[in-house]
Amino acid sequence: QVQLVESGGGLVQAGGSLILSCAASGSIFSIDDMGWYRQAPGKQRELVAAITRGGSTNYTDSVKGRFTISRSNTKNTMYLQMNSLKPEDSAVYYCNADIAPNWSGFLYNYWGQGTQVTVSS
């Protein structure tokens, strides 16, 4: 069974930084696209940043220049470096990945359980 486990969330003051990690474990043959999503209370879940296996990235406009997504294909881990945090960045952050659990290469989409990020003003 495949699991995605996020870590690194917490409480930080505005202007501060946090690093989120997402570790994939279990039966993994390969990992394709990965991404970070967030959901604030009363709002829809939104894509924050995404990264392909080859390292191509894209970001939602509100975090460009402040957040950096990266991954280690050898460690099956993805990261989100968050700088210059704002109160509006407060949300539960979720890890998402397309993973092939076996040699067939068929991709399944997985979600982590989420980690809370709270930015105080």
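Residues numbered from 1 in each chain as written. Predicted model: local features only at pLDDT ≥ 70, side-chain atom pairs only at ≥ 80, totals over all residues. Heavy atoms only, no water.

Take the overall build of the protein chain next. Helices and strands together make up the secondary structure of the protein chain, namely 0 helices and 11 strands. The helix and strand sequence of the protein chain, counted from the amino end, reads β-β-β-β-β-β-β-β-β-β-β. The globule rule puts the C-alpha radius of gyration for 121 residues at 14 Å, and the 14 Å found for the protein chain is close to it. Taken along the three principal axes of its C-alpha coordinates, the protein chain extends 50 × 25 × 25 Å. The buried share of the protein chain, reckoned over its 121 residues, is 40%. Within the protein chain, counting contacts between residues at least 6 apart in sequence, those at least 24 apart form 55% of the total. If you sum the accessible surface of the protein chain, you get close to 6,400 Å²; carbon and sulfur atoms cover 49% of it. Placing the 9 positive and 8 negative side-chain charges of the protein chain at their respective mean positions leaves the two points 4 Å apart. (Helix = DSSP H or I, 4+ residues; strand = E, 2+ residues; numbered from the N terminus. Rg over C-alpha atoms; globule rule 2.2 N^0.38 Å. Buried < 20%, exposed > 50% of the residue type's maximum accessible area, 1.4 Å probe, protein only. Contact = heavy atoms within 4.5 Å. Areas by Shrake-Rupley, 256 points an atom, 1.4 Å probe, with all protein chains shown as cover. Lys, Arg positive; Asp, Glu negative; His and termini not counted. Charge placed at Lys NZ, Arg CZ, Asp CG, Glu CD.)

For strand E4 (residues 30-39) and strand E5 (residues 46-51), the ladder comprises 5 bridges, and the chain directions are antiparallel. Paired with Trp 36 across the bridge in E5 is Ala 49. Here E4 folds back onto E5 in antiparallel fashion, the turn holding 6 residues, of which Gly 42 has a positive phi close to 75 degrees. Relative to strand E6 (residues 57-59), E5 is paired through 3 bridges, and the arrangement is antiparallel. By the bridge assignment for E6, Ile 51 is matched with Thr 57. Following E5, the chain reverses through 5 residues before pairing antiparallel with E6; Gly 55 in that reversal takes a positive phi of roughly 100 degrees. (Pairing = 2+ DSSP bridges.)

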